[in-house]
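Chain residues, written in single-letter form:
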Amino acid sequence: MSRLVVVSNRVAPIKEGKVAAGGLAVGVYDALRQSGGIWFGWSGEVSATPQTSTETVGNITYVTMGLTKRDYDQYYRGFSNATLWPIFHYRIDLARYNREEYEGYRRVNAMLAEKLKPLLQPDDIIWIHDYHLIPFAEACRMLGIRNRIGFFLHIPFPAPEILTAIPPHNELLKTFCYYDLIGFQTDTDRLAFQDYVTREVRGIIEPDGSLTAYGQNFRAGVYPIGVMPDEIQQTAASYRGRRQLIGRNSEGGLRQMIISVDRLDYSKGLVERFKAYETFLDRYPEHRRNVEFIQIAPTSRSDVKTYQAIRQQLESEAGHLNGRLSDLDWTPLHYLNKSHERRILMGLFRSADIGFVTPLRDGMNLVAKEYVAAQDPNDPGVLVLSRFAGAARELTSALIINPYDTVGMAEALDRALRMSLAERKDRYEHMMRAIRAADLGAWRDNFLRDLRSFVSRPKASGTAQVFAL
Ligand code: ADQ
């Protein structure tokens, strides 16, 4: 089997025997272990004289490099996280565009491709991950790299009208066409991409379903990322610290528990969620003192301005809610800015009566799947899930909410807390079937199978007219 070369913004080596980290890292690691290969990317270091480091463990070589402050500011903090991330999550209002940052983004992609080139063997398969690296294949092709290259977009692909807010959208989209295969989380994302290709740049859909644009022939498919349900179930069931966080109600019973776990990001809908919880306590006062909400949200990208603003806003919302409603023996909202061990998170998921997952926009949202997989099959909790998470396409038996509808979310919380065991089990079983059918192994295997088997059409096929603008 040909070697696999994975390129992602960050490289997450997993040590043998250690408890598995989050989904993506495990899927990539397993794929690399199967075929041997290289995991290549940024080390997370920023310095005046960036170093490259190489470490081989078993059949995987980890190659990481540092970035200069200028590269970091322009490529990572700038174009990736202040332009692409908000626009791809439909937040034009939070996006900024700066031409130097875009040039820095292109420059770092080209620099990474150059560093990768000498490490490649002719039949290596290259798998690129996420929005930081969209132009990577084009940079490789410019260097004469002819290997098969696939790309997986972990975040949503926006509707063309939103995407065109990025001034060099045409140039950026052109770089997508140098991949052999582009993977999306949902069909909505794939269709938005196809829409852009066919309408904005007049690319065409070939009879075999592949796309031709800018003189390139490539394929776009849907590969929803999944979790490892058995591993989660085991980890969750073995956690012994259950419910240590939760207080007791006036009758001495354990309070009901709602849990949310997210990176602290404006796309996750935390402000709307806090408001919905407050509305729920106001509209259904009978639940007061009988329920506690735990929100775990470690800070991320804290040097990007919009992330500092959302953090402040959440602290103020949480303070307001607890100040208004808490009692000496009851704190309605526990807002924790810490990262937690995976073992503890899965145990908390299992203990919680509701998984409250309400992003305004999310590529997939693995927390939704992890919450369901962690449940006790004999007494499962209820998933309350935003229609704007990719996961809502598969987890149709969750209570699906619209995160812009505060009262609707409050009603869903009330309904979930009152739901009969029979209905909870029905919904859980249905969701578990979906989770098993599209687990992490299926995501990895299906993508790599399609990438390995794709044969591009000859450039000037009889029916294909190419309109390269
Ligand atoms: P994220 O936006 O980071 O991922 P998500 O899919 O929920 O979002 O994945 C987060 C992962 O980190 C989960 O495995 C979760 O358990 C873990 N995690 C979150 N908070 C944690 C904490 N406090 N402590 C420890 N672990 C924590 C991006 C896209 C998503 C897409 C994924 C994978 O934005 O839409 O689902 O990639 O493709």
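Here the structure is a predicted model, which means the values were calculated and not measured. The numbers attached to residues start from 1 for each chain and follow its sequence in the written order. In view of the model being predicted, local features appear only for residues whose pLDDT reaches at least 70, and side-chain atom pairs are presented and counted only at 80 or more, with totals across whole chains, interfaces and linings using the full set of residues. Each side-chain value is worked out from all heavy atoms of the structure, with water and hydrogens disregarded.

**Concerning the domain arrangement of the chain**
When the parts of a complex come together, some accessible area is lost, and that lost area is often used as the size of the interface. Note that domain bounds follow an automatic or database assignment of domains. Here the chain is described as being made up of domain 1 (4–226 + 442–463) and domain 2 (229–437). Once two parts are put together, the accessible area they lose, assessed with a 1.4 Å probe and summed over both, is termed the buried area. Summed over both sides, the interface between domain 1 and domain 2 buries roughly 1900 Å², with carbon and sulfur atoms accounting for 61% of that surface. In what follows, salt bridge is the name for a side-chain nitrogen of Lys or Arg lying within 4 Å of a carboxyl oxygen of Asp or Glu. Seen at the junction of domain 1 and domain 2, the total is zero salt bridges. Pairing of N or O atoms within 3.5 Å defines a polar contact, subject to two protein rules: one partner must be a possible hydrogen donor and the other a possible acceptor, and residues neighboring in sequence count only if both atoms are side-chain atoms. Scanning the region where domain 1 abuts domain 2 turns up four residue pairs in polar contact (both at pLDDT 80 or more). Where the side of domain 1 that touches domain 2 is concerned, the elements lending two or more residues are helix H1 (23–35) and helix H2 (69–88). In terms of residue class, the side of domain 1 that touches domain 2 is made up of 15 nonpolar, nine polar and two charged. Numbering of helices and strands starts at the N terminus; helices are DSSP runs of H or I of at least 4 residues and strands are runs of E of at least 2. For this scheme, ten residues count as nonpolar: Ala, Val, Leu, Ile, Met, Phe, Trp, Tyr, Cys and Pro. Four count as charged, namely Asp, Glu, Lys and Arg, and the remainder, Gly too, count as polar.

**Here's the deal with the site of the ligand**
We call a residue near a molecule or strand when any one of its heavy atoms sits within 4 Å of it. In the vicinity of the ligand lie 23 residues, with His154, Asp362, Met364, Leu366 and Glu370 positioned nearest. A distance of 3.0 Å separates an oxygen atom of the ligand from a polar atom in the backbone of Asn365. Throughout, the Shrake-Rupley method with a 1.4 Å probe supplies accessible areas, and for residues the shown protein chains are the sole cover considered. Starting from 710 Å² of accessible surface for the ligand in isolation, the protein chains cover 85%. Only helix H11 (342–351) and helix H12 (366–373) provide two or more residues apiece to the shell around the ligand. Considering each element in turn, the shell around the ligand owes the most residues, three residues, to H12. When its residues are assigned to classes, the shell around the ligand shows nine nonpolar, eight polar and six charged.

**Description of the sheet that holds strand S15 (residues 382–386)**
Think of it this way: DSSP has to see at least two bridges between two strands before they count as a pair. Ordered by their spatial adjacency, six strands build an open sheet running S13-S12-S11-S14-S15-S16, and the pairing between neighbours is parallel. Edge strands, defined here as strands with exactly one partner in the open sheet, are strand S13 (333–336) and strand S16 (399–401). Put simply, the sheet's adjacent strands are angled 20° from each other on average, direction ignored. Strand direction decides the pairing type here: strand S14 (residues 354–357) and S15, joined by four bridges, are parallel. Across the sheet, residue Val357 finds its bridge partner in S15, namely Leu385. Docked against the sheet, H11 engages strand S11 (256–261) and strand S12 (291–296), running at close to 140° with respect to S11. Axes here mean lines fitted to C-alpha atoms, for a helix over just the part in contact, with angles spanning 0 to 180 degrees between N-to-C directions. Here, two residues are considered to be in contact whenever any of their heavy atoms come within 4.5 Å of each other.

**Notes on helix H9 (residues 270–283)**
Helix span, as expected, comes to 1.5 Å for every residue beyond the first. Its 14 residues give H9 an end-to-end C-alpha distance of 20 Å, which sits within 8% of 20 Å, the value for a rise of 1.5 Å per residue. The buried label goes to any residue with under 20% of its type's maximum accessible area, the exposed label to any with over 50%, and the partly exposed label to all in between, with areas taken from a 1.4 Å probe on protein chains only. Those residues of H9 that sit buried are Leu270, Val271, Arg273, Phe274, Ala276, Tyr277, Glu278, Phe280 and Leu281. Among the structural elements, S11, S12, helix H10 (305–325), S13, S14 and helix H13 (406–418) are those in contact with the buried residues of H9.

**Topic: the pattern of salt bridges**
Inspection of the entire model under this criterion finds 37 salt bridges. Between Asp362 and Lys268 there is a salt bridge, with its nearest N and O atoms 3.0 Å apart. Remark: Lys268 occurs in the loop between S11 and H9 and Asp362 occurs in the loop between S14 and H12; sequence separation between them is 94 residues. The same class applies to Asp362 and to Lys268, which are both buried. A salt bridge links Lys369 to Glu394; the shortest N-O distance between them is 3.0 Å. Placement of the pair is Lys369 in helix H12 and Glu394 in the loop between S15 and S16, with a sequence separation of 25 residues. Classification of Glu394 by relative accessible area gives buried; the value is 17%.

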